[in-house]
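# Inside the fold
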Amino acid sequence: MLEYHFSNDFYRNIDAMIYTCGHENCTPGHSYGPILRNGYLIHYILSGSGIYKARGNLYRLKAGDAFLICPGELIYYEADMHTPWTYTWIGLQGIKVKGYLERTSLFSLLTVHFGEDKQLRRCHEKMAEADKLSQNRDLVMNSILYEYLFLLADKFPNKQYIHQEEKTNHVEDALRYIENHYCDPVTIQDIADYLCLNRSYLHRIFKAFTGVSIQSYLLDYRIRQACILLKTTSLSVRAIAHSVSYIDPLYFSRIFHQKMGVSPSEYRKQ
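Residues numbered from 1 in each chain as written. Predicted model: local features only at pLDDT ≥ 70, side-chain atom pairs only at ≥ 80, totals over all residues. Heavy atoms only, no water.

## Some details on the packing of helix H3 (residues 118-130) against helix H4 (residues 137-155)
The geometry of a pair of packed helices is captured by two quantities: the angle between their axes and the separation between those axes. To be explicit about the condition: Note on geometry: axes are lines fitted to C-alpha atoms, helical ones only across the stretch in contact, with angles between N-to-C directions running from 0 to 180 degrees. Each helix is a run of DSSP H or I of at least 4 residues and each strand a run of E of at least 2, with the numbering of both proceeding from the N terminus. Working definition: roughly parallel below 35 degrees, roughly antiparallel above 145 degrees, roughly perpendicular at 65 to 115 degrees, and oblique for all remaining angles. Should the near helix be turned counterclockwise from the far one by less than a right angle, the crossing is left-handed, whereas a clockwise turn marks it as right-handed. In this description, contact between two residues means that some pair of their heavy atoms is separated by no more than 4.5 Å. Amino acids are sorted into nonpolar (Ala, Val, Leu, Ile, Met, Phe, Trp, Tyr, Cys and Pro), charged (Asp, Glu, Lys and Arg) and polar (every other residue, Gly among them).
At a minimum axis distance of 10 Å, the contact between H3 and H4 shows a crossing angle of 170°. Taken together, H3 and H4 sit at an angle that is classed as roughly antiparallel. Two packed elements cross with a definite hand, and for H3 against H4 that hand is left-handed. Between H3, through Gln119, Leu120, Cys123, His124, Lys126, Met127 and Ala130, and H4, the contact on the second element is made entirely by Arg137, Val140, Met141, Ile144, Leu145, Glu147, Tyr148, Leu151, Leu152 and Lys155. Looking at the contact of H3 with H4 residue by residue, the classes come out as 11 nonpolar, two polar and four charged.

As structure tokens, then:
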């Protein structure tokens, strides 16, 4: 028996939105599929049991479990003949939904055990309450959605993602440091020391994320800033060299020529 079903017609939130939610008290053996869905759906089992088939696996689930349906994947689920399940579901769509779900172990495992988690269960309940609103329903729905995604990532973290996120943060910190200190005679070791990282490790993760070595990026960044100064100011080549950390203007001119194909003076004329 279908107790309620909600479909969200507010397509104003392209990043992430709840496009459907509902609650169902299934009859014995009630099944759904095999079928493909066009959005992400998370079912939370309130009571009873059943099976879920996805990615070539069969999962036997019971009260307190949750399972994820991913778009474009063939799935099938069926209520138990003796203890049919009752579940509630949330449907998610948006260009950032996959990235958010990848922060959770649910994305790769497809099933997790919510247990008696009151916060997650309350998010499902709030969906039904929000369905009754006549104004700003999309805003309320999305506030619940982001709370829900946070709880999933907090309670069921993808440890591999966390490790990857730490690497990304290190690279972003290195980029900011270069942006703020390119005018100083900083070295790669200075950046590594600032980030409290091994220099070789910093070199590896920086190149993996940007495609270039941190040394090359620092050099290119300084030359780009020198180009801007040559085009937008009347500063001498010596002053510009000093402004991008080169004490010797002749050495700066030689490096500039290697990177740009012309001398600083010729670049300014062009």
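This is not the end of the story, as more comes after the structure.
## Section: the packing of helix H8 (residues 214-232) against helix H10 (residues 249-260)
Two elements in contact, H8 and H10, have axes whose closest approach is 11 Å; the angle formed by their N-to-C orientations is 95°. One element, H8, and the other, H10, form an angle in the roughly perpendicular class. Together, Leu219, Asp220, Ile223, Ala226, Cys227 and Leu230 of H8 and Phe252, Ile255, Phe256, Lys259 and Met260 of H10 make up the contact between the two elements. Tallied by class, residues from the contact of H8 with H10 come to nine nonpolar, no polar and two charged.

## Quick look at the sheet that holds strand E5 (residues 49-54)
This is how the line gets drawn: The criterion for strand pairing is that DSSP finds at least two bridges linking the strands in question.
The strand order E3-E8-E5-E6 describes an open sheet built from four strands, whose pairing is antiparallel. Strand pairing shows two members of the sheet lacking a second neighbour, strand E3 (31-35) and strand E6 (57-62), which therefore form its edges. Averaged over all pairs of adjacent strands, the angle between their axes in this sheet comes to 15°, without regard to strand direction. Of the pairings in the sheet, the one linking E5 to E6 comprises six bridges and is antiparallel in character. Looking at E6, one finds that Gly50 is bridged to Leu61.

## A closer look at the pairing of strand E7 (residues 65-69)
Quick reminder of the rule: The buried label applies to any residue whose accessible area, calculated with a 1.4 Å probe on protein chains only, is under 20% of its type's maximum; exposed applies above 50%, and partly exposed to all values in between.
With five of five residues buried, E7 is to be regarded as a mostly interior element. Burial along E7 is two-sided: the face carrying Asp65, Phe67 and Ile69 and the face carrying Ala66 and Leu68 are both buried. Strand direction decides the pairing type here: strand E4 (residues 40-47) and E7, joined by four bridges, are antiparallel. By the bridge assignment for E7, Tyr44 is matched with Ala66. Sheet topology places E7 next to strand E10 (residues 111-113); three bridges connect them, and they run antiparallel. Within E10, the position partnered with Asp65 by the bridge is His113.

## Observations concerning unusual backbone geometry
In the segment running from Gly33 into Pro34, the intervening peptide bond is cis, with an omega of 0°. Examined against the element boundaries, Pro34 turns out to sit in strand E3. Phi is positive for Leu110, which is not a glycine, with a value near 70°. Looking at where Leu110 falls in the secondary structure, it is placed in the loop between helix H2 (106-109) and E10. Residue Leu110 is classed as buried on the basis of its relative accessible area of 0%.

## Some words on the pattern of salt bridges
If charged atoms from side chains of opposite charge come close, those side chains can pair. Using the following cut-off: The salt bridge criterion pairs a side-chain nitrogen of Lys or Arg with a carboxyl oxygen of Asp or Glu, the two atoms within 4 Å.
Taken as a whole and judged by the stated rule, the model has eight salt bridges. In this structure, the salt-bridge partner of Arg122 is Glu125, at a minimum N-O distance of 3.5 Å. Residue Arg122 and its partner Glu125 are both found in helix H3; the two are separated by three residues, about one turn of the helix. Among the residues examined, Arg122 registers a relative accessible area of 33% and is labelled partly exposed.

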